[in-house]
Amino acid sequence: MNKIQSVGVTILFCILIFGFGIVTLINPDTEYSETENRTLAQMPALTLDSLLDGSFESGYEDYLTDQFVFRDSWIALKTAVERTSGRTQINDIYFAKDDYLIEAHTDTFTAEQAEANRNILAQFVELYAEEFQAEHMTVMIIPNAVDILREKLPAFASPYDEGDYLESLREAVMEAASGTIADADGIWFDARSVLQEHSEEEIYYRTDHHWKTLGAFYVWQAWAASCGYTVPALDSYEITTVTEDFEGTIQSKLGIHTVTDSIEIYLDPSAPSYTVEKDESGELLDSLYDYSALDTKSKYDIFFGGNNALSRITTEADTGRKILVIKDSYAHCFVPFLLSEFDQIDVLDIRYYNQELSALIGEEGYTDLLFLYNASGFAEDTSLTKLLY
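On a predicted model such as this, the values are computed, not experimentally measured, just so you know.

A. Up close: the overall build of the protein chain. What the protein chain contains, in helices and strands, is 12 helices and 14 strands. Counting over 389 residues, the protein chain shows a buried share of 47%. Taken as a whole, the protein chain presents about 18900 Å² of accessible surface, with 51% of it coming from carbon and sulfur.

Right under this line is the structure:
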(Lines give C-alpha, C1' and ligand atoms only; values in the text may rest on other atoms or scores of the structure.)
Protein backbone atom coordinates (compact mmCIF):
# COMPACT_ATOMS: atom_id res chain seq x y z
CA MET A 1 0.00 0.00 0.00
CA ASN A 2 1.55 3.34 -1.06
CA LYS A 3 1.54 6.54 0.97
CA ILE A 4 -1.50 8.04 -0.81
CA GLN A 5 -3.55 4.88 -0.19
CA SER A 6 -2.51 4.84 3.48
CA VAL A 7 -3.59 8.46 3.92
CA GLY A 8 -6.86 7.70 2.15
CA VAL A 9 -7.63 4.73 4.40
CA THR A 10 -6.79 6.81 7.47
CA ILE A 11 -9.07 9.64 6.36
CA LEU A 12 -11.90 7.21 5.60
CA PHE A 13 -11.46 5.57 9.00
CA CYS A 14 -11.61 8.95 10.75
CA ILE A 15 -14.70 9.96 8.77
CA LEU A 16 -16.45 6.74 9.78
CA ILE A 17 -15.49 6.99 13.46
CA PHE A 18 -16.06 10.71 13.99
CA GLY A 19 -18.90 10.88 11.48
CA PHE A 20 -20.94 8.25 13.27
CA GLY A 21 -20.10 9.91 16.60
CA ILE A 22 -21.33 13.30 15.38
CA VAL A 23 -24.47 11.82 13.85
CA THR A 24 -25.13 10.00 17.13
CA LEU A 25 -24.85 13.25 19.07
CA ILE A 26 -27.15 15.27 16.79
CA ASN A 27 -29.65 12.45 16.28
CA PRO A 28 -32.64 12.72 18.68
CA ASP A 29 -32.16 10.44 21.68
CA THR A 30 -34.39 7.42 22.13
CA GLU A 31 -35.70 6.84 25.65
CA TYR A 32 -36.92 3.27 25.27
CA SER A 33 -35.95 0.35 23.06
CA GLU A 34 -39.00 -1.69 22.16
CA THR A 35 -36.69 -4.23 20.56
CA GLU A 36 -34.77 -4.82 23.79
CA ASN A 37 -37.68 -3.97 26.11
CA ARG A 38 -35.58 -1.64 28.26
CA THR A 39 -34.89 2.03 28.97
CA LEU A 40 -31.83 3.35 27.13
CA ALA A 41 -29.07 5.41 28.71
CA GLN A 42 -29.44 9.18 28.38
CA MET A 43 -26.84 11.95 28.28
CA PRO A 44 -25.44 12.28 31.84
CA ALA A 45 -25.32 15.64 33.58
CA LEU A 46 -21.91 17.28 33.35
CA THR A 47 -20.82 18.59 36.76
CA LEU A 48 -17.51 19.04 38.52
CA ASP A 49 -18.32 16.17 40.88
CA SER A 50 -19.31 13.80 38.05
CA LEU A 51 -16.04 14.60 36.25
CA LEU A 52 -13.92 14.05 39.33
CA ASP A 53 -15.52 10.78 40.44
CA GLY A 54 -15.60 9.34 36.91
CA SER A 55 -19.38 8.91 36.79
CA PHE A 56 -19.72 11.27 33.81
CA GLU A 57 -17.25 9.30 31.72
CA SER A 58 -18.95 6.02 32.61
CA GLY A 59 -22.40 7.44 31.93
CA TYR A 60 -21.28 9.00 28.66
CA GLU A 61 -19.86 5.67 27.47
CA ASP A 62 -23.19 3.97 28.23
CA TYR A 63 -24.99 6.82 26.46
CA LEU A 64 -22.93 6.44 23.26
CA THR A 65 -23.38 2.66 23.32
CA ASP A 66 -27.17 2.87 23.68
CA GLN A 67 -27.75 5.82 21.35
CA PHE A 68 -25.32 4.85 18.59
CA VAL A 69 -26.97 5.47 15.23
CA PHE A 70 -28.24 2.31 13.44
CA ARG A 71 -27.46 0.40 16.66
CA ASP A 72 -29.90 -2.45 16.02
CA SER A 73 -28.52 -3.03 12.54
CA TRP A 74 -24.93 -3.15 13.80
CA ILE A 75 -25.89 -5.67 16.49
CA ALA A 76 -27.60 -7.87 13.90
CA LEU A 77 -24.57 -7.68 11.59
CA LYS A 78 -22.18 -8.56 14.42
CA THR A 79 -24.29 -11.58 15.39
CA ALA A 80 -24.52 -12.81 11.80
CA VAL A 81 -20.75 -12.58 11.32
CA GLU A 82 -20.03 -14.42 14.57
CA ARG A 83 -22.57 -17.16 13.82
CA THR A 84 -20.97 -17.66 10.40
CA SER A 85 -17.68 -18.33 12.17
CA GLY A 86 -19.34 -21.15 14.11
CA ARG A 87 -19.61 -19.53 17.52
CA THR A 88 -22.20 -21.03 19.88
CA GLN A 89 -22.05 -18.26 22.49
CA ILE A 90 -22.52 -14.60 21.58
CA ASN A 91 -23.14 -11.68 23.94
CA ASP A 92 -23.25 -14.14 26.87
CA ILE A 93 -26.05 -16.07 25.14
CA TYR A 94 -25.84 -19.74 24.17
CA PHE A 95 -27.28 -21.02 20.91
CA ALA A 96 -28.68 -24.19 22.43
CA LYS A 97 -30.53 -27.27 21.21
CA ASP A 98 -34.15 -27.13 20.03
CA ASP A 99 -33.77 -23.46 19.02
CA TYR A 100 -33.32 -22.26 22.60
CA LEU A 101 -31.41 -19.03 23.22
CA ILE A 102 -30.16 -19.28 26.82
CA GLU A 103 -28.43 -16.56 28.80
CA ALA A 104 -25.23 -17.70 30.51
CA HIS A 105 -25.32 -15.04 33.28
CA THR A 106 -21.52 -15.05 33.42
CA ASP A 107 -20.21 -13.36 36.61
CA THR A 108 -23.75 -12.56 37.81
CA PHE A 109 -23.69 -14.84 40.84
CA THR A 110 -20.12 -14.14 41.91
CA ALA A 111 -20.42 -10.35 41.79
CA GLU A 112 -20.44 -8.14 44.90
CA GLN A 113 -24.07 -7.24 44.23
CA ALA A 114 -25.10 -10.90 44.45
CA GLU A 115 -23.40 -11.25 47.83
CA ALA A 116 -24.89 -7.99 49.08
CA ASN A 117 -28.36 -9.08 48.04
CA ARG A 118 -27.97 -12.38 49.88
CA ASN A 119 -27.23 -10.43 53.07
CA ILE A 120 -30.18 -8.10 52.47
CA LEU A 121 -32.53 -11.05 51.99
CA ALA A 122 -31.34 -12.55 55.28
CA GLN A 123 -31.98 -9.26 57.09
CA PHE A 124 -35.43 -9.03 55.49
CA VAL A 125 -36.33 -12.53 56.69
CA GLU A 126 -35.04 -11.71 60.16
CA LEU A 127 -37.26 -8.61 60.24
CA TYR A 128 -40.51 -10.40 59.37
CA ALA A 129 -40.14 -14.09 60.28
CA GLU A 130 -41.59 -13.64 63.74
CA GLU A 131 -44.58 -11.71 62.40
CA PHE A 132 -45.51 -14.27 59.74
CA GLN A 133 -43.90 -17.50 60.99
CA ALA A 134 -42.79 -20.23 58.61
CA GLU A 135 -46.35 -21.27 57.78
CA HIS A 136 -47.11 -17.91 56.22
CA MET A 137 -43.80 -16.58 54.88
CA THR A 138 -42.12 -18.01 51.77
CA VAL A 139 -38.93 -17.16 49.90
CA MET A 140 -39.08 -18.58 46.40
CA ILE A 141 -36.15 -17.95 44.03
CA ILE A 142 -36.72 -19.38 40.55
CA PRO A 143 -33.65 -20.74 38.72
CA ASN A 144 -33.02 -19.58 35.18
CA ALA A 145 -33.12 -21.68 32.02
CA VAL A 146 -29.32 -22.06 31.98
CA ASP A 147 -29.59 -24.05 35.20
CA ILE A 148 -32.64 -26.21 34.47
CA LEU A 149 -32.02 -26.79 30.75
CA ARG A 150 -28.32 -27.69 31.01
CA GLU A 151 -28.84 -30.70 28.74
CA LYS A 152 -29.70 -28.34 25.90
CA LEU A 153 -26.51 -26.28 26.15
CA PRO A 154 -23.93 -26.60 23.38
CA ALA A 155 -20.91 -28.88 23.80
CA PHE A 156 -18.25 -27.62 26.23
CA ALA A 157 -20.56 -24.98 27.73
CA SER A 158 -19.61 -24.47 31.36
CA PRO A 159 -21.87 -21.87 32.99
CA TYR A 160 -21.79 -21.10 36.70
CA ASP A 161 -23.82 -23.60 38.75
CA GLU A 162 -26.81 -21.58 39.98
CA GLY A 163 -27.44 -24.33 42.49
CA ASP A 164 -24.43 -23.12 44.50
CA TYR A 165 -25.84 -19.61 44.75
CA LEU A 166 -29.34 -20.84 45.56
CA GLU A 167 -27.93 -23.05 48.29
CA SER A 168 -26.11 -20.06 49.78
CA LEU A 169 -29.39 -18.14 49.75
CA ARG A 170 -31.20 -21.03 51.43
CA GLU A 171 -28.58 -21.22 54.16
CA ALA A 172 -28.71 -17.46 54.75
CA VAL A 173 -32.52 -17.46 54.90
CA MET A 174 -32.73 -20.43 57.24
CA GLU A 175 -30.04 -19.06 59.56
CA ALA A 176 -31.79 -15.70 59.75
CA ALA A 177 -35.18 -17.28 60.41
CA SER A 178 -33.85 -19.76 62.96
CA GLY A 179 -32.49 -16.90 65.02
CA THR A 180 -36.00 -15.45 65.26
CA ILE A 181 -38.49 -18.33 65.33
CA ALA A 182 -38.39 -21.85 66.74
CA ASP A 183 -39.39 -23.67 63.52
CA ALA A 184 -38.07 -22.15 60.28
CA ASP A 185 -38.90 -25.11 58.04
CA GLY A 186 -41.00 -23.99 55.10
CA ILE A 187 -39.74 -20.43 54.73
CA TRP A 188 -37.44 -21.46 51.86
CA PHE A 189 -39.26 -23.18 49.00
CA ASP A 190 -37.16 -25.33 46.68
CA ALA A 191 -38.51 -24.38 43.25
CA ARG A 192 -35.38 -25.74 41.58
CA SER A 193 -36.18 -29.36 42.41
CA VAL A 194 -39.71 -28.95 41.09
CA LEU A 195 -38.55 -27.53 37.76
CA GLN A 196 -35.82 -30.13 37.38
CA GLU A 197 -38.52 -32.81 37.42
CA HIS A 198 -40.10 -31.16 34.36
CA SER A 199 -36.95 -30.12 32.47
CA GLU A 200 -38.02 -32.10 29.39
CA GLU A 201 -41.18 -30.03 29.07
CA GLU A 202 -41.53 -26.53 27.63
CA ILE A 203 -41.25 -24.58 30.87
CA TYR A 204 -39.06 -21.70 29.57
CA TYR A 205 -39.39 -19.53 26.47
CA ARG A 206 -36.94 -20.16 23.67
CA THR A 207 -36.34 -16.47 22.94
CA ASP A 208 -37.07 -14.78 26.27
CA HIS A 209 -35.64 -14.80 29.80
CA HIS A 210 -38.92 -15.67 31.56
CA TRP A 211 -40.37 -19.04 32.49
CA LYS A 212 -43.57 -20.12 30.77
CA THR A 213 -46.91 -20.43 32.52
CA LEU A 214 -46.51 -24.21 32.58
CA GLY A 215 -43.38 -23.88 34.72
CA ALA A 216 -45.19 -21.44 37.01
CA PHE A 217 -48.06 -23.92 37.35
CA TYR A 218 -45.79 -26.77 38.44
CA VAL A 219 -44.18 -24.60 41.12
CA TRP A 220 -47.58 -23.30 42.23
CA GLN A 221 -48.89 -26.86 42.43
CA ALA A 222 -46.03 -27.99 44.67
CA TRP A 223 -46.04 -24.88 46.85
CA ALA A 224 -49.82 -24.86 47.26
CA ALA A 225 -49.78 -28.50 48.29
CA SER A 226 -47.16 -27.71 50.94
CA CYS A 227 -49.42 -24.92 52.24
CA GLY A 228 -52.54 -27.08 52.28
CA TYR A 229 -54.31 -25.14 49.51
CA THR A 230 -56.60 -26.72 46.95
CA VAL A 231 -54.85 -27.23 43.61
CA PRO A 232 -56.95 -27.98 40.53
CA ALA A 233 -55.47 -30.52 38.13
CA LEU A 234 -53.74 -29.13 35.07
CA ASP A 235 -56.50 -30.35 32.76
CA SER A 236 -59.11 -28.46 34.77
CA TYR A 237 -57.71 -25.13 33.58
CA GLU A 238 -58.84 -23.49 30.38
CA ILE A 239 -55.48 -23.11 28.66
CA THR A 240 -55.50 -20.55 25.85
CA THR A 241 -52.64 -19.79 23.48
CA VAL A 242 -52.93 -16.03 23.06
CA THR A 243 -50.07 -15.68 20.56
CA GLU A 244 -47.54 -17.79 18.67
CA ASP A 245 -45.52 -14.79 17.50
CA PHE A 246 -43.64 -13.78 20.64
CA GLU A 247 -40.00 -12.79 20.14
CA GLY A 248 -38.41 -12.19 23.51
CA THR A 249 -35.67 -10.08 25.04
CA ILE A 250 -32.85 -12.60 24.54
CA GLN A 251 -33.45 -12.72 20.82
CA SER A 252 -33.59 -8.92 20.77
CA LYS A 253 -30.15 -8.70 22.38
CA LEU A 254 -28.79 -10.56 19.37
CA GLY A 255 -30.61 -8.35 16.88
CA ILE A 256 -31.80 -11.32 14.83
CA HIS A 257 -34.91 -13.39 14.22
CA THR A 258 -34.68 -17.10 15.01
CA VAL A 259 -37.97 -18.71 16.07
CA THR A 260 -41.12 -17.42 17.74
CA ASP A 261 -42.63 -18.48 21.05
CA SER A 262 -46.20 -19.07 22.11
CA ILE A 263 -47.71 -17.53 25.24
CA GLU A 264 -50.38 -19.39 27.18
CA ILE A 265 -52.72 -18.19 29.89
CA TYR A 266 -54.38 -20.55 32.36
CA LEU A 267 -57.91 -19.69 33.47
CA ASP A 268 -59.51 -21.52 36.38
CA PRO A 269 -63.29 -21.72 35.76
CA SER A 270 -63.86 -22.03 39.51
CA ALA A 271 -61.83 -18.92 40.42
CA PRO A 272 -63.76 -16.15 42.20
CA SER A 273 -64.55 -12.77 40.71
CA TYR A 274 -61.94 -10.09 41.30
CA THR A 275 -60.89 -6.52 40.55
CA VAL A 276 -57.42 -5.06 40.01
CA GLU A 277 -56.18 -1.60 40.98
CA LYS A 278 -52.72 -0.47 39.85
CA ASP A 279 -50.57 2.04 41.73
CA GLU A 280 -53.50 3.50 43.72
CA SER A 281 -54.98 4.91 40.53
CA GLY A 282 -58.55 4.36 41.68
CA GLU A 283 -59.35 2.67 38.37
CA LEU A 284 -60.63 -0.86 38.85
CA LEU A 285 -59.95 -3.45 36.15
CA ASP A 286 -61.69 -6.78 35.85
CA SER A 287 -58.77 -8.72 34.37
CA LEU A 288 -55.15 -9.51 35.16
CA TYR A 289 -54.45 -9.69 31.43
CA ASP A 290 -53.72 -6.77 29.13
CA TYR A 291 -54.55 -8.12 25.70
CA SER A 292 -53.43 -4.91 24.00
CA ALA A 293 -49.83 -5.98 24.76
CA LEU A 294 -50.21 -8.67 22.10
CA ASP A 295 -50.09 -5.90 19.49
CA THR A 296 -46.66 -4.77 20.70
CA LYS A 297 -43.13 -6.17 20.78
CA SER A 298 -43.45 -6.74 24.56
CA LYS A 299 -46.09 -9.44 24.34
CA TYR A 300 -45.15 -10.86 27.76
CA ASP A 301 -46.78 -7.71 29.16
CA ILE A 302 -50.13 -9.42 28.64
CA PHE A 303 -49.50 -10.49 32.23
CA PHE A 304 -50.36 -7.46 34.40
CA GLY A 305 -49.62 -5.02 31.59
CA GLY A 306 -45.97 -5.07 32.59
CA ASN A 307 -44.30 -3.81 35.77
CA ASN A 308 -46.14 -1.65 38.30
CA ALA A 309 -45.02 -0.46 41.72
CA LEU A 310 -48.08 -1.84 43.55
CA SER A 311 -51.09 -3.69 42.20
CA ARG A 312 -53.98 -4.69 44.47
CA ILE A 313 -56.21 -7.62 43.55
CA THR A 314 -59.41 -7.88 45.55
CA THR A 315 -61.24 -11.19 45.23
CA GLU A 316 -64.46 -12.77 46.44
CA ALA A 317 -62.62 -15.87 47.68
CA ASP A 318 -63.76 -15.24 51.28
CA THR A 319 -60.85 -17.09 52.88
CA GLY A 320 -59.85 -14.41 55.39
CA ARG A 321 -56.33 -14.38 53.99
CA LYS A 322 -54.38 -11.42 52.57
CA ILE A 323 -51.01 -11.89 50.90
CA LEU A 324 -48.21 -9.53 49.94
CA VAL A 325 -46.17 -10.74 46.95
CA ILE A 326 -42.82 -8.99 46.63
CA LYS A 327 -41.63 -9.87 43.16
CA ASP A 328 -40.01 -9.34 39.81
CA SER A 329 -41.73 -10.08 36.49
CA TYR A 330 -41.42 -13.86 36.96
CA ALA A 331 -44.40 -13.56 39.31
CA HIS A 332 -46.67 -12.13 36.63
CA CYS A 333 -47.79 -15.51 35.30
CA PHE A 334 -47.74 -17.05 38.80
CA VAL A 335 -50.06 -14.65 40.63
CA PRO A 336 -53.26 -15.66 38.77
CA PHE A 337 -53.02 -19.06 40.46
CA LEU A 338 -53.53 -17.34 43.85
CA LEU A 339 -57.01 -16.00 43.15
CA SER A 340 -58.94 -18.75 44.93
CA GLU A 341 -56.84 -18.65 48.10
CA PHE A 342 -56.74 -14.98 49.10
CA ASP A 343 -59.24 -12.17 49.56
CA GLN A 344 -56.55 -9.59 48.81
CA ILE A 345 -53.35 -10.05 46.80
CA ASP A 346 -50.99 -7.08 46.84
CA VAL A 347 -48.26 -7.41 44.21
CA LEU A 348 -45.29 -5.16 44.89
CA ASP A 349 -42.24 -4.47 42.74
CA ILE A 350 -39.63 -3.01 45.08
CA ARG A 351 -37.73 -1.57 42.11
CA TYR A 352 -40.52 0.95 41.52
CA TYR A 353 -42.00 1.27 45.00
CA ASN A 354 -40.72 4.39 46.77
CA GLN A 355 -42.68 4.32 50.02
CA GLU A 356 -41.74 2.56 53.24
CA LEU A 357 -42.37 -1.16 52.97
CA SER A 358 -42.63 -1.51 56.75
CA ALA A 359 -45.47 1.03 56.79
CA LEU A 360 -47.39 -0.89 54.12
CA ILE A 361 -46.99 -4.18 55.99
CA GLY A 362 -47.99 -2.54 59.25
CA GLU A 363 -51.10 -0.90 57.81
CA GLU A 364 -52.49 -3.76 55.72
CA GLY A 365 -52.35 -6.61 58.23
CA TYR A 366 -51.28 -9.28 55.75
CA THR A 367 -51.66 -12.89 56.83
CA ASP A 368 -49.08 -14.15 54.31
CA LEU A 369 -45.93 -12.94 52.56
CA LEU A 370 -44.35 -14.39 49.41
CA PHE A 371 -40.99 -13.23 48.05
CA LEU A 372 -40.71 -14.42 44.42
CA TYR A 373 -37.79 -13.53 42.13
CA ASN A 374 -35.83 -15.21 39.38
CA ALA A 375 -32.26 -16.03 40.40
CA SER A 376 -30.32 -13.71 38.08
CA GLY A 377 -32.83 -10.89 38.56
CA PHE A 378 -32.41 -11.18 42.32
CA ALA A 379 -28.62 -11.31 42.17
CA GLU A 380 -28.43 -8.19 39.97
CA ASP A 381 -31.15 -6.06 41.59
CA THR A 382 -29.70 -2.80 42.98
CA SER A 383 -32.89 -1.72 44.76
CA LEU A 384 -33.26 -4.45 47.37
CA THR A 385 -32.09 -2.25 50.23
CA LYS A 386 -35.62 -0.82 50.15
CA LEU A 387 -36.80 -4.13 51.63
CA LEU A 388 -35.37 -3.00 54.97
CA TYR A 389 -37.25 0.29 55.32
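Text resumes after the structure shown.
B. Main features of the pairing of strand 6 (residues 137–142). Of all six residues in strand 6, six are buried, a share of seventy percent or more. Burial along strand 6 is two-sided: Met 137, Val 139 and Ile 141 and Thr 138, Met 140 and Ile 142, pointing in opposite directions, are all buried.

C. Layout of the packing of aromatic side chains. On inspection of all chains with the given rule, the structure shows 28 aromatic pairs. Their ring planes at 20° and their centres at 5.6 Å tell us that Trp 211 and Tyr 330 sit as a pair that is stacked. Residue Trp 211 is located in the loop between helix 8 (191–196) and helix 9 (213–227), and its partner Tyr 330 is located in the loop between strand 12 (322–327) and strand 13 (344–348); the two are separated by 119 residues in the primary sequence. Accessibility assignment for this pair places Trp 211 and Tyr 330 in one class, buried. On the numbers, 6.4 Å between centres and 10° between planes, the contact of Trp 220 with Phe 337 is stacked. In this pair, Trp 220 sits in helix 9 while Phe 337 sits in the loop between strand 12 and strand 13, placing the two residues 117 residues apart along the sequence. For the residue pair Trp 220 and Phe 337, the accessibility class agrees, reading buried in each case. By way of ring pairs, the aromatic residues Trp 211, Phe 217, Tyr 218, Trp 220, Trp 223, Tyr 229, Tyr 237, Tyr 266, Tyr 330, Phe 334, Phe 337 and Phe 342 are connected into one cluster.

D. Main features of the pattern of salt bridges. Taken as a whole and judged by the stated rule, the model has 14 salt bridges. A salt bridge links Glu 103 to Lys 253; the nearest nitrogen and oxygen atoms lie 2.5 Å apart. In this pair, Glu 103 sits in strand 5 (residues 101–103) while Lys 253 sits in helix 10 (residues 249–254), placing the two residues 150 residues apart along the sequence. As a salt-bridge pair, Lys 212 and Glu 202 come within 3.0 Å of each other at their nearest N and O atoms. Here Lys 212 is found in the loop between helix 8 and helix 9, whereas its partner Glu 202 is found in the loop between helix 8 and helix 9, with 10 residues between them in sequence. Residue classification places Lys 212 among the buried positions, given a relative accessible area of 3%. According to the relative accessible area criterion, Glu 202 is partly exposed, its value standing at 33%. Ionic contacts of the salt-bridge type, sharing partners, join the residues Glu 202, Arg 206, Lys 212 and Glu 264 into one network.

E. Representation of helix 7 (residues 162–178) within the structure. Across its 17 residues, helix 7 extends 24 Å between first and last C-alpha, which sits within 8% of the 24 Å expected from 1.5 Å per residue. Elements in contact with the buried residues of helix 7: helix 5 (112–136), strand 6, helix 6 (145–148), helix 8 and helix 12 (375–380). The opening residue of helix 7 is Asp 161, an N-cap whose side-chain oxygen sits 2.9 Å from the backbone nitrogen of Gly 163.

Parameters at a glance
- Per chain, residue numbering runs from 1 following the sequence as it is written.
- For this predicted model, a pLDDT threshold of at least 70 governs which residues receive local features, and a threshold of 80 or more governs which side-chain atom pairs are given and counted, while totals over whole chains, interfaces and linings are taken from all residues.
- The side-chain values count all of the structure's non-hydrogen atoms but skip hydrogen atoms and water molecules.
- Labels follow the DSSP assignment, with helices taken as runs of H or I lasting at least four residues and strands as runs of E lasting at least two, numbered in each case from the N terminus.
- Accessible area is worked out with a 1.4 Å probe on protein chains only. A residue is then buried under 20% of its type maximum, exposed over 50%, and partly exposed in between.
- A 1.4 Å probe and the Shrake-Rupley method give the accessible areas. Residues count as covered only by the protein chains that appear here.
- In summary, the pairing rule links any two rings of Phe, Tyr or Trp, Trp by its six-membered ring, whose centres are within 6.5 Å, and it sorts them by plane angle into stacked for under 30 degrees, edge-to-face for over 60 and tilted for everything else.
- What counts as a salt bridge is simple: a side-chain nitrogen of Lys or Arg found within 4 Å of a carboxyl oxygen of Asp or Glu.
- By definition here, a helix of n residues has an expected span of 1.5 Å times n minus one.
- In this analysis, two residues are considered to be in contact whenever any of their non-hydrogen atoms come within 4.5 Å of each other.
- Polar contact criterion, stated in full: a pair of N or O atoms within 3.5 Å, where within protein one must be able to donate a hydrogen and the other to accept it, and residues adjacent in sequence count only if both atoms are side-chain atoms.

In short, geometric facts, not functional conclusions.
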